[in-house]
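So you can see what is in the structure, the chains are spelled out below.
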2 protein chains.
Amino acid sequence: MSHTAVRGPEDDDAAALFKEGFRQHAAGVALVCATGPEGPVGATLSSVASVSADPPLLSFSMARTSVTGAAVLAAGSVTVYLLRADQADLAHAFAVRGSERFTPEQGWRTREDSELPVLEDAPARFTGRLSVVVPAGASWLALLEVDEIDLGTPGTPLVHHDRRYWAPAALPSDPPGV
Amino acid sequence: MSHTAVRGPEDDDAAALFKEGFRQHAAGVALVCATGPEGPVGATLSSVASVSADPPLLSFSMARTSVTGAAVLAAGSVTVYLLRADQADLAHAFAVRGSERFTPEQGWRTREDSELPVLEDAPARFTGRLSVVVPAGASWLALLEVDEIDLGTPGTPLVHHDRRYWAPAALPSDPPGV
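Here's what I pulled together on the structure shown here. Because the structure is predicted, anything quoted here is derived from the model rather than measured. (Residues numbered from 1 in each chain as written. Chains lettered and ligands numbered in written order. Predicted model: local features only at pLDDT ≥ 70, side-chain atom pairs only at ≥ 80, totals over all residues.)

## Side note on the environment of Lys19(A)
Residue and element names in this part refer to chain A.
Alright, step 1. Looking at the secondary structure, you find lysine 19 in helix 1 (residues 14-22).
Alright, step 2. Given 14 C-beta atoms within a 10 Å radius, lysine 19 is considered partly exposed.
Alright, step 3. Spatially, the C-alpha atom of lysine 19 lies 36 Å from that of proline 104, the residues being 85 residues apart in sequence. (Helix = DSSP H or I, 4+ residues; strand = E, 2+ residues; numbered from the N terminus. Buried ≥ 20, exposed ≤ 12 C-beta atoms within 10 Å, placed from the backbone.)

Rendered as structure tokens:
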């Protein structure tokens, strides 16, 4: 029924096994953006989670080796955008090195009240400051204290799973409510 | 194009707006289980994220008011199960107060090497100890140091979005790779 494997953390294969396990997971997709020393920076995240509504807090993680991550963690103000399924190209652009980012064609607008270009078309935009940053293995785990919430065009969310993008669809049988 | 609202955290509506924003998000679904003072406890989570593969670390959050949460955070050993789309009933049982849990019919097996019943059919099972627990507003943000990884039957993951369960489906247009 199951092909079970058990490994300890000392095992060289633990990292590979952990990754294989998480390829079974699904995640919503978001962008994290901030102003770095050389202008706006952004990255695609599949680790954004709502932590607390009152006060509003969300968490995400970024690799310690990420240059964008370093700029985001050093920034005084950080913005997280949730993405819709029709924004997969945007997620791709911010996930792949060397892609064009923050272009008007992608929907970014320069606004007088913000240092950063703004993506007004995102279904939800959360801006605030990082109140906790915890070193966590090869990554940083960060907590964003949200002080501005903007809701844009709603829609089907973008899902990341097994190195591809997807959209949620109804379960074959009647799904239970939560 | 967008119905934008901007609020500060002092606003009474900030919590409602934050929740409305996160209804636009999608998340993978998992169970977190541990042995409490009165036996096995478990809860459904939509906040599990992979943080680091080497060493293997994952994060999740639980409400401070949750009795199960308190037992999980106090436990020496914690297990997180990722769930498949065909396991929505299991997610429902661990999300709703008073439901039957840890039954053989749900796939739980008692094993000699474990205090906790084990769900061998989960696509991935991560066991370890909580190395960091950060108070985060109305919740705890926890980091699990994984020292045992078991892979069961793989399959389409269960997705939570807008208070319902879903399964990932192909995007209408060709999705970009990551």
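## Quick notes on the sheet that holds strand 3 (residues 39-45) of chain B
Alright, step 1. Here seven strands make up an open sheet; going across it, the order is 3-2-6-9-10-5-4 (chain B) and the pairing antiparallel. Of all the strands in the sheet, just strand 3 and strand 4 (49-53) of chain B have a single pairing partner and so form its edges. Between one strand axis and the next, the sheet turns by 35° as a mean value, whatever way the strands run.
Alright, step 2. Here strand 9 (residues 124-136) of chain B runs beside strand 10 (residues 139-151) of chain B; their pairing, made up of twelve bridges, is antiparallel. Paired with Arg129(B) across the two strands is Glu145(B), which belongs to strand 10 of chain B.
Alright, step 3. Contacts between helix 1 of chain A and the sheet are confined to strand 4, strand 5 (56-63), strand 6 (78-82), strand 9 and strand 10 of chain B, with strand 10 of chain B contributing the most and set at about 110° to the helix. (Pairing = 2+ DSSP bridges. Axes fitted to C-alpha atoms, helices over the stretch in contact; angles between N-to-C directions. Contact = placed C-beta atoms within 7 Å.)

## A word on helix 2 (residues 67-74) of chain A
Residue and element names in this part refer to chain A.
Alright, step 1. Within helix 2, the full set of buried residues consists of Thr68, Gly69, Ala71 and Val72. Relative to the axis of helix 2, the buried residues are bounded by an arc of 165° and lie together on one face. Exposed positions of helix 2 whose direction lies more than 90 degrees from the buried face are Val67 and Ala74.
Alright, step 2. Tucked into the core, helix 2 has its buried residues touching strand 2 (30-36), strand 3 (39-45), strand 5 (56-63), strand 6 (78-82) and strand 10 (139-151). (Arc of directions from axis to C-beta.)

## Regarding the sheet that holds strand 9 (residues 124-136) of chain A
By way of backbone hydrogen bonds, the strands of a sheet pair with one another, either parallel or antiparallel.
Alright, step 1. The antiparallel open sheet is built from seven strands, whose spatial order is 3-2-6-9-10-5-4 (chain A). Two strands close off the open sheet at either side, each with one partner strand: strand 3 and strand 4 (49-53) of chain A. Each strand axis lies, on average, 35° off the axis of its neighbour in the sheet, ignoring direction.
Alright, step 2. The sheet strands contacting helix 1 (residues 14-22) of chain B are strand 4, strand 5, strand 6, strand 9 and strand 10 of chain A, and the helix crosses strand 10 of chain A at an angle near 110°.

## A word on the interface of chain B and chain A
Alright, step 1. In this assembly, 78 residues from chain B lie in contact with 78 residues from chain A.
Alright, step 2. Take the side of chain B that touches chain A: its biggest share by element is nine residues, from strand 10 of chain B.
Alright, step 3. The residue makeup of the side of chain B that touches chain A, split by class, is 46 nonpolar, 20 polar and twelve charged.
Alright, step 4. As defined by bridge partners, strand 12 (residues 164-169) of chain A adjoins strand 12 (residues 164-169) of chain B across three bridges and the pair is classed as antiparallel. Bridge pairing in strand 12 of chain B links Ala167(A) to Ala169(B). (Nonpolar A, V, L, I, M, F, W, Y, C, P; charged D, E, K, R; others polar.)

## Focus: the environment of Asp147(B)
Alright, step 1. Assignment of secondary structure puts Asp147(B) in strand 10.
Alright, step 2. As for Asp147(B) and Arg163(B), which are separated by 16 residues in sequence, their C-alpha atoms are 32 Å apart.

So yeah, pure geometry; function would need other evidence.
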